[in-house]
Amino acid sequence: MGDEKAVKPAEEAPAQDTHGEVIAGAEIRCLGEAGSRVMLAVFPGKSYEHTRIFEMAAYCAVPYGYRVMEIDLTPAEAMTAETAESDRALIRAVYDKVRADGIANIYLLAYDAAAELSLEALEGQPLTRAYLVSPVFDVPGKKKRKTWKVQTEILYGRQDDVVSAGAIRHFEKNSTSHVTRIDAGHGLKSDDELRALRDWMTGPRRTAYSSQAFLLILLVCAFIGFFFGLFVLNNGGVGTVLGIFLGVLVYKLYCYI
């Protein structure tokens, strides 16, 4: 998880060090002992489905020294502009409390409509990495958000009928993120989909390209293409175009494989 390059899935469930902590008037359920890393698991409301995802996240994270903190927001069907504002305040309050406790490595796991609210609440704040599961980017009272710069992993179902593939691509284009696509609909309901969540969280992480890195790749490929065209094709312009095409292809393969 996080910045580890290749972590095997946990073989045993974490010790159930479950306790509650009241922050900003809300009961926050925690799993795992206090340490140097905390994962904020944010959900739109509390349900059996969300509880299973939270427990799977803890299963993956606690054995590697994380404390996982569950933040339950207003259910998606009851969300309004007013509740969205209070939910953002709660997310930020929990984050500020963790920072005040001296924890520098803070991770975000946000599900469904809680994803956009979490991004808005934590915009500009230091996060080690974010994990977004079936993220919904259209919520009541949405503010205009700047480009999201945190290294982000997205788990998205190809049959998602709530969030369009275009919305995911738009976010990916304007963020430093990598999308993993699985054969599923919106949300994670079946045991197979939860296993996909486990494999996604515990698999090797790749650093997503930023827009600046993408431009650098294009420049390097164009430079190589120019000299290839000049000395092999006797046409530097054609070589440059081929080099740019190669750079785009490399970037697309990285993002979508």
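Whatever comes next refers back to the structure up there.
Remember, predicted model here, so these are calculated numbers, not experimental data.

Visitor: Teacher, can you tell me more about the side chain of Asp 112 here?
Guide: As for its placement among the helices and strands, Asp 112 is situated in the loop between strand E5 (105–111) and helix H3 (114–121). Despite being buried, Asp 112 has no salt bridge partner; Lys 189 is the closest side chain of opposite charge, sitting 7.4 Å away.

Visitor: Would you take a moment to explain helix H5 (residues 191–202) for this structure?
Guide: An α-helix turns once every 3.6 residues. As a result, residues three or four positions apart point the same way. Taking 1.5 Å of rise per residue, 12 residues should cover 16 Å, and H5 covers 17 Å from first to last C-alpha, within 8% of that figure. Where H5 is concerned, the buried positions are Glu 193, Leu 194, Ala 196, Leu 197, Trp 200, Met 201 and Thr 202. Lining the buried residues of H5 we find strand E3 (37–43), helix H1 (48–61), strand E6 (129–133), strand E7 (148–157) and strand E8 (175–182).

Visitor: How do you make sense of the environment of Arg 99 when you look at a structure like this?
Guide: Assignment of secondary structure puts Arg 99 in helix H2 (residues 81–100). In this structure, the C-alpha to C-alpha distance between Arg 99 and Val 38, residues 61 residues apart in sequence, is 9.8 Å.

Visitor: So what exactly am I meant to see when it comes to helix H4 (residues 165–173) here?
Guide: For H4, the set of buried residues is Ile 168, Phe 171 and Glu 172. Seen end-on, H4 carries its buried residues on one side only, within an arc spanning 100°. Pointing more than 90 degrees away from the buried face of H4 are the exposed residues His 170 and Lys 173.

Visitor: Got a minute to help me understand the pattern of salt bridges in this structure?
Guide: Pairing between side chains of opposite charge can happen when their charged atoms approach one another. For the structure on display, the rule yields 14 salt bridges. A salt bridge links Glu 70 to Lys 46; its shortest N-O distance comes to 3.2 Å. Pair noted here: Glu 70 is in strand E4 (residues 66–72) and Lys 46 is in the loop between E3 and H1, with a separation of 24 residues, a long-range link. Look at Glu 70 and you get buried, because its relative accessible area is 1%. Here Asp 192 and Arg 195 are joined by a salt bridge, their closest N and O atoms 2.3 Å apart. Highlighted residues: Asp 192 and Arg 195, both in helix H5, separated by 3 residues, approximately one helical turn. Accessibility expressed as a relative area gives 54% for Asp 192, which makes it exposed. Judged by its relative accessible area of 38%, Arg 195 is partly exposed. Where salt bridges share partners, they join Arg 29, Lys 46, Glu 70 and Asp 72 into one cluster.

Visitor: Before we go on, may I ask you to explain the packing of H1 against H5 in this structure?
Guide: How two helices sit against one another is set out by the angle between their axes and by the gap between those axes. Remark: H1 packs on H5, axes separated minimally by 10 Å, with the N-to-C direction vectors making an angle of 35°. The two elements H1 and H5 meet at a crossing, and its hand is right-handed. Of the residues in H5, those touching H1 at Arg 52, Ile 53, Met 56, Ala 57, Tyr 59 and Cys 60 are Asp 191, Leu 194, Leu 197, Arg 198, Met 201 and Thr 202.

Visitor: Looking at this model, I keep getting lost on the packing of aromatic side chains. Mind explaining?
Guide: Both the distance between ring centres and the angle between the ring planes are used here to describe each pair of aromatic rings. Applying the stated criterion across every chain yields a total of 7 aromatic pairs. Between Tyr 131 and Trp 200, the ring centres sit 5.4 Å apart and the planes meet at 85°, which makes this aromatic pair edge-to-face. Taken together, the positions of Tyr 131 in strand E6 and Trp 200 in helix H5 put the pair 69 residues apart, joining distant regions of the chain. Considered together, Tyr 131 and Trp 200 belong to a single accessibility category, that of buried residues. Ring centres of Phe 137 and Phe 171 lie 4.8 Å apart, and the angle between their planes is 15°; this geometry places the pair in the stacked category. Of this pair, Phe 137 sits in the loop between E6 and E7 while Phe 171 is found in helix H4, placing the two residues 34 residues apart along the sequence. Exposure class is identical for Phe 137 and Phe 171. Each is buried. Site record: aromatic cluster; members linked through ring pairs are Phe 223, Phe 226, Phe 227 and Phe 231.

Basis of the calculations
Residues numbered from 1 in each chain as written. Predicted model: local features only at pLDDT ≥ 70, side-chain atom pairs only at ≥ 80, totals over all residues. Heavy atoms only, no water. Helix = DSSP H or I, 4+ residues; strand = E, 2+ residues; numbered from the N terminus. Buried < 20%, exposed > 50% of the residue type's maximum accessible area, 1.4 Å probe, protein only. Lys, Arg positive; Asp, Glu negative; His and termini not counted. Salt bridge = Lys/Arg side-chain N within 4 Å of Asp/Glu carboxyl O. Expected span 1.5 Å × (residues − 1). Contact = heavy atoms within 4.5 Å. Arc of directions from axis to C-beta. Axes fitted to C-alpha atoms, helices over the stretch in contact; angles between N-to-C directions. Left-handed = near helix turned anticlockwise from the far one by under 90°. Phe/Tyr/Trp six-rings, centres within 6.5 Å; stacked < 30°, edge-to-face > 60°.

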